[in-house]
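Listed here are the chains, written in short residue letters.
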Amino acid sequence: MAGIVSFGAYLPRLRLERMGIMQSMGWLAPGLITAAQGERSLCYWDEDALTIAVAASRDCLVGMDKSKIDAVFLASTSLPFADRSNAGMLAATLNLKEELSSADFTSTQKAGTTALVAALDTVRAGDKKQVLVTASDHRLTKSSWFYEMWFGDGAASLLLGKENVIAELLGSHAVTLDFVPHYRGSHEKYDYNWEERWIRDEGYMKIYPQAISGLLKKTGTNIKDVAKLCYPCFLGRAHGEIAKALGAAPQQVAGNMHAEAGECGTAHPLILLVRELEQAKPGDKIIVAGFGQGSDALLFQVTDRIKDLPKRSGVSGSLARRKPEKTYTKLLKFNELIETEMGIRAEVSNQTALSTLFRDRKLILGFVGGRCQKCGTPQIPSQRICVKPGCGAVDSQEDYEFADQPAKILTYTADMLAVSVDPPAFYGMVEFEKGGRMMMDFTDCDAKAVEVGVPVKITFRKKYFDRERGFTGYFWKAVPQA
Amino acid sequence: MATGIRDKVAILGMGCSRFGERWDMGAEELMVEAFLECLEDAGIEKDKIEAAWLGSAMIFVNVGLSALPLPMALRLPNIPVTRVENFCATGTEAFRGACYAVASGAVDIALALGVEKLKDTGYGGLPNMGSNAGPSRFLQMPNITAPGSFAQLASAYRAKYKINRDDLKKALAHVSWKSHKNGALNPKAHLRKEISIEQIMASPIIADPLGLFDCCGVSDGSACAIVTTPQIAKDLGKKDIISVKALQLALSNGYEAQYNEWQGDHFVTTDICSGRAYKEAGIREPREEVSMMEVHDCFSITELVTMEDLHISPRGGAIKDVMDGFYDREGGLPCQVDGGLKCFGHPIGASGIRMLYEMYLQLLGRAGKRQLKDPKFGLTHNLGGFPFMNVCSIAIIGKYGA
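All values derive from a computational prediction rather than experimental measurement.

## Here we look at the pairing of strand E13 (residues 294-302) of chain A
All names here are of chain A.
Then, number 1: Within E13, eight of the nine residues are buried, leaving the element largely enclosed by the surrounding structure.
Then, number 2: The pairing of strand E8 (residues 167-176) with E13 spans nine bridges and is classified as antiparallel. The partner of Ala-167 across the bridge, within E13, is Val-302.
Then, number 3: The pairing of strand E12 (residues 285-292) with E13 spans eight bridges and is classified as antiparallel. Its bridge partner lying in E13, Val-288 is registered against Leu-298.
Then, number 4: Counting the residues that bridge the hairpin from E12 to E13 gives one residue.

See the structure below:
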């Protein structure tokens, strides 16, 4: 049987209070007050759709055997590269094997569920054992706009396969319709949105019921037997009315997480699904549906194996790892929506040598170093000659993954001179407990948490943006654990 | 069997430009300023110089590639000239090249000149390298600054010796306070103002825990030396001959940066390099025998921990020596008598030779208001790079035969 083998999720820890937007921009757009409740998740300056996808995927792969993954699908409408496989980058960050299929699913808000359907079809076809599907979004809007409040940033990840399934696929149903609540032209930065009342009446209220009732019919399922319905809808009243139209009771509807995170684009149906899986019981039937130019709806039934899944952060862990933020201008600066003076020091050449990047890909994207097969010393970066004094073995290094190794701070500083979007720049020497050390940037850093000996976790983040050439460079950073 | 450099090379003359924000001069004019003083001091015509070494570090904001700027500026007669760069040890490297040429017998008289023009970048601090740091390093190194790099010594030093933040900050303030006192006496220094401990402690933080006054000046300047054999120096009529006692370098190999042993609190290279330098110079008890030092005080914390790596203060004992005034001009082993990098300034390529210039003046009794009583050995030290990956150079000079 095909289904979900594992799941994971990630929301950035920053939660912008919507009232902060109102307080800054209400003079211009007083209507914002109607949406200025609760908070939205916000990518830090060094996070984007790829980095949060990596974080969600790593969460999903806790305790899993990565060698079984035969394909990686990444769904998003806000990926950093228009022509460079973002899914391929995701696979490299996870240090998956090279003999692998990969594809980006994009251009519609239902891309997350569409990728999920495609992944399950792939698994059922039998050629590929496991497929990793990750959906993530980090959407930009113009300032002082309801969507700026409704949107959040987040990612979710599902591992699909036929063995050790924690939720079995009972069926899926898809509807494709060129219904355009908003669009974004190929080279545009922002969406162009049509009236919400029309989106509600002609879109949400008709297309979701069409897809979900189609699914129920196809699988011979009575709506009353479904434990949870997971579908995004940022219009609060409409969210409940869709379930009513389907004959479902309010308690059968998974909350849309508007109050605590906002709607995270293509990732949102998967985020809602993961949140339900975290508390689901064996036997529960769960429907997940996405909405874009049409809708995909999938029905899963939770199995006994869900009890054996190793502990992960998931949506609940992400929600708990929360840092409230009141300052709206951080959203503008982190997303480069305002131009600020950064000083001449910032005018530095940051061209990426693509040939170097390819040679160093295991280190840069995968955070893979080496371990000397003669003396056993882990070291990063891996070099041809072993670093251990007295060893000096040549070409003795085998690949060694550092990203999940326990580590702590050996030295650090908080630097006010270094160019930073959120000064001071924290960095220092990170020492891995089983061997190896590296001078690394710190991120998601609270000044009080930084001290020699404090444990850190390693996370994949943006390192630089080459504005002249439109290239985003990534590397791994350390997050001090308070 | 190698016998080392001791007493094989004499300094025939030295020169040093005024350091500072030399808006009036480019690197070429600064080289001429140092060279004219040096040539007059040496008492020779420039056509006697048979080979030259040029030290300059930040090529993209300075003289650029190749050694050509030196013979072009000084109008040297088609002699061999080599440009060297080795982070902050660049000046000492140029000096080493010239000394080795003389010691080998390849030439009789050689010139070493260091120069740096840092103040044409348009902003404070050292230039930001970006991808010019090297395509691979750029992809993985943090956007690290010099103060941020060295500030980390403080975090590890505090952790290792369980020192509270304020006690270390006070000792660091004393390090800078002392150098400002000395720099005020030096007409060629970049920063010539005494400042109080309170001012230092209250200065804005640059890289925690280092404040503005924990950081050395970023300066333009040039310094040079003409070297020859002691015999030729005598033949040219020199009476007080200053000779080279030791010239050592030690470079990191990845041990500090990649192997889990070093604790981040000191300089492995300086520890090794100083031991070799004392041996080469025949010094057994450095705390007693070394008369004065110019060390690489790019930041106050660098100077403090270097006192231990030079085997002058015991491990964990530098704070006590600093607070006791042991390194003050009136103390047991005066350090940074000319103001140091802190106040004389730090035009990278020139700094090593500028340190030797002060030792040379002191040994000849020409240091004016800063003159120490009867010094015998002067030690200079440079530390280029980062605490975890660096180039250390040490030179010791003294009276010939001492």
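## So, the sheet that holds strand E17 (residues 397-401) of chain A
Residues and elements named next belong to chain A.
Then, number 1: In spatial order, the strands read E16-E15-E17; together these three strands make up an open sheet with antiparallel pairing. Each edge of the open sheet is held by one strand with a lone partner, namely strand E16 (378-379) and E17.
Then, number 2: Looking at chain direction, strand E15 (residues 368-372) and E16 are connected through two bridges and run antiparallel. Bridge assignment links Gly-370 to a residue of E16, and that residue is Gln-379.

## Looking at the layout of surface pockets
Residue and element names in this part refer to chain A.
Then, number 1: Approximately 1200 Å³ is the volume attributed to the second largest pocket.
Then, number 2: Along its surface, the second largest pocket is lined by 45 residues, and Ala-55, Arg-58, Ser-313, Lys-457 and Ile-458 are the ones closest to its centre.
Then, number 3: Mapped onto the lining of the second largest pocket, the elements with two or more residues apiece are strand E1 (3-10), helix H2 (49-60), helix H9 (314-320), strand E21 (455-466) and strand E22 (471-480).
Then, number 4: At six residues, E21 tops the list of elements feeding residues into the lining of the second largest pocket.
Then, number 5: Classifying every residue of the lining of the second largest pocket by side-chain character gives 19 nonpolar, ten polar and 16 charged.
Then, number 6: The residue makeup of the lining of the second largest pocket includes at least three contributed by each of domain 1 (3-334) and domain 2 (406-480).

## Some details on the sheet that holds strand E14 (residues 323-325) of chain A
The strands making up a sheet are joined through hydrogen bonds of the backbone, oriented either antiparallel or parallel.
Residue and element names in this part refer to chain A.
Then, number 1: If you walk across this open sheet you meet the three strands as E3-E2-E14, and the pairing is mixed. Looking at strand neighbours, the two that pair on one side only are strand E3 (39-42) and E14, the edges of this open sheet. Sheet twist, expressed as the mean angle between neighbouring strand axes with direction ignored, is 35 degrees.
Then, number 2: Of the pairings in the sheet, the one linking strand E2 (residues 14-17) to E14 comprises three bridges and is parallel in character. Bridge pairing in E14 places Arg-15 opposite Pro-324.
Then, number 3: Where helix H1 (residues 18-25) meets the sheet, its contacts fall on E2 and E3, and the angle it forms with E2 comes to roughly 45 degrees.

Thresholds, definitions, all that
- Each chain has its residues counted from 1, running along the sequence as written.
- Working convention: letters from A go to chains and numbers from 1 go to ligands, in the order in which they are written.
- Totals for whole chains, interfaces and linings use every residue, but because this is a predicted model, local features are given only for residues with pLDDT of at least 70 and side-chain atom pairs only at 80 or more, for both listing and counting.
- Note that water and hydrogens are dropped before the side-chain values are worked out from all heavy atoms of the structure.
- Using a 1.4 Å probe on the protein chains alone, a residue whose accessible area is under 20% of its type maximum counts as buried, one over 50% counts as exposed, and one in between counts as partly exposed.
- Under the scheme used here, helices are H or I runs from DSSP no shorter than 4 residues and strands are E runs no shorter than 2 residues, and both carry numbers assigned from the N terminus.
- One requirement defines pairing of two strands: DSSP has to find at least two bridges between them.
- Space inside and on the surface of the protein is sampled on a 1 Å grid over the protein atoms alone, with a cavity defined as a set of points where a 1.4 Å probe fits but cannot get out and a pocket as an open set with protein on both sides within 12 Å along at least 5 of 7 lines; lining residues have an atom within 4 Å of a point.
- Grid points are joined across faces, edges and corners, and a volume is the space filled by probe spheres set on the points.
- Charged means Asp, Glu, Lys or Arg here, nonpolar means Ala, Val, Leu, Ile, Met, Phe, Trp, Tyr, Cys or Pro, and polar covers whatever is left, Gly included.
- Boundary definitions for the domains trace back to an automatic or database domain assignment.
- Every angle, taken between N-to-C directions, lies between 0 and 180 degrees, and every axis is a line fitted to C-alpha atoms, over only the stretch in contact when it is a helix.
- Residues count as neighbours in contact if any of their non-hydrogen atoms are within 4.5 Å of one another.

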